[in-house]
Amino acid sequence: MTKLEDLKKRFMEDPEFREEYERVDEEFRLLEALVRARTEAKLTQAELARRLGTTQSAIARLESGGVSPSIRTLRRYAEATGTRLSVDLSQASG
């Protein structure tokens, strides 16, 4: 049986797969950062929603990747969790 890392390594040799993997990986890192900021602020989704003037279900959609947030929304989210939004652009590889 092929180990997962071996399989990933083989798939990453395909430029199309690698590009899609890297695109999705960036999205997952953002979602993880949102949840981490909220939990480190010791807030539930409902408490955060009240601070943002929205609903718990809207926070759940945001944290699950169900919506694509605007920079304004991310700024408000950061402020409500006591964090700071930082956007970084870097050279594309390849």
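So, here is what we can say about the structure in this document. (Residues numbered from 1 in each chain as written. Predicted model: local features only at pLDDT ≥ 70, side-chain atom pairs only at ≥ 80, totals over all residues. Heavy atoms only, no water.)

1. Quick word on the overall build of the protein
And step 1. Secondary structure assignment for the protein yields 5 helices and 0 strands.
And step 2. What you see in the protein, going N to C, is helices and strands ordered as α-α-α-α-α.
And step 3. At 17 Å, the protein has a C-alpha radius of gyration far larger than the 12 Å of a compact globule built from 94 residues.
And step 4. Its C-alpha atoms put the protein at 45 × 35 × 20 Å along the principal axes.
And step 5. Within the protein, the proportion of its 94 residues that are buried is 20%.
And step 6. A sequence separation of at least 24 residues applies to 47% of the contacts in the protein between residues at least 6 apart.
And step 7. In the structure as shown, the protein presents an accessible area of about 7600 Å², 51% of it carried by carbon and sulfur atoms. (Helix = DSSP H or I, 4+ residues; strand = E, 2+ residues; numbered from the N terminus. Rg over C-alpha atoms; globule rule 2.2 N^0.38 Å. Buried < 20%, exposed > 50% of the residue type's maximum accessible area, 1.4 Å probe, protein only. Contact = heavy atoms within 4.5 Å. Areas by Shrake-Rupley, 256 points an atom, 1.4 Å probe, with all protein chains shown as cover.)

2. Things to note about the environment of T81
And step 1. By the element assignment, T81 lies in the segment after α5 (71-80).
And step 2. In this structure T81 comes out as buried when scored by relative accessible area, which is 8%.
And step 3. Sequence spacing of T81 and L43 is 38 residues, and the spatial spacing of their C-alpha atoms is 7.8 Å.
And step 4. Once you skip the residues sitting within four places of it in the chain, T81 turns out to touch A37, R38, A41, L43 and L48.
And step 5. Of note is the side chain of T81, whose polar atom sits 3.1 Å from the backbone oxygen of A78. (Polar contact = N/O pair within 3.5 Å; in protein donor to acceptor, adjacent residues only side chain to side chain.)

3. Overview of the side chain of R38
And step 1. Note that R38 resides in helix α2 (residues 15-40).
And step 2. Residues in contact with R38, not counting those within four places in the same chain, are L43, T44, Q45, L48, E63, Y77 and T81.

4. Overview of the pattern of salt bridges
And step 1. Following the criterion strictly, the structure yields 3 salt bridges and no others.
And step 2. With a shortest N-O distance of 3.3 Å, R29 and D25 are connected by a salt bridge. Separated by 4 residues within a single helix, R29 and D25 lie in helix α2, roughly one turn from each other.
And step 3. Here R38 ties to E63 by a salt bridge, and the two come within 2.6 Å at their closest N and O atoms. A residue pair is termed long-range when its members are at least 10 positions apart, and R38 in helix α2 and E63 in helix α4 (residues 56-64) qualify at 25 residues. Of the two residues, R38 and E63, neither departs from the other in class, the shared state being buried. (Salt bridge = Lys/Arg side-chain N within 4 Å of Asp/Glu carboxyl O.)

5. What to know about unusual backbone geometry
And step 1. With phi around 60°, K42 is a residue other than glycine that occupies positive phi space.
And step 2. Inspection of the secondary structure assignment puts K42 in the loop between α2 and α3 (45-52).

6. Examining the layout of surface pockets
And step 1. By volume, the largest pocket is sized at about 1300 Å³.
And step 2. Around the largest pocket, the lining is made up of 39 residues, and of these E26, E27, R29, L30 and D88 lie nearest the centre.
And step 3. Elements with a contribution of two residues or more to the lining of the largest pocket: α2, α4 and α5.
And step 4. Across the lining of the largest pocket, the residue classes break down as 19 nonpolar, 9 polar and 11 charged.
And step 5. For the second largest pocket, the calculated volume is near 160 Å³.
And step 6. The wall of the second largest pocket is formed by L52, T54, A58, I59, R61, L62, V67, P69, S70, T73, R76 and Y77.
And step 7. Contributing elements (two or more residues each) for the lining of the second largest pocket: α4 and α5.
And step 8. Looking at the lining of the second largest pocket, the element that brings in the most residues is α4, giving 4 residues.
And step 9. Split by residue class, the lining of the second largest pocket holds 7 nonpolar, 3 polar and 2 charged. (1 Å grid on protein atoms, 1.4 Å probe; cavity = no way out; pocket = protein on both sides within 12 Å on 5 of 7 lines; lining within 4 Å. Points joined across faces, edges and corners; volume = space filled by probe spheres on them. Nonpolar A, V, L, I, M, F, W, Y, C, P; charged D, E, K, R; others polar.)

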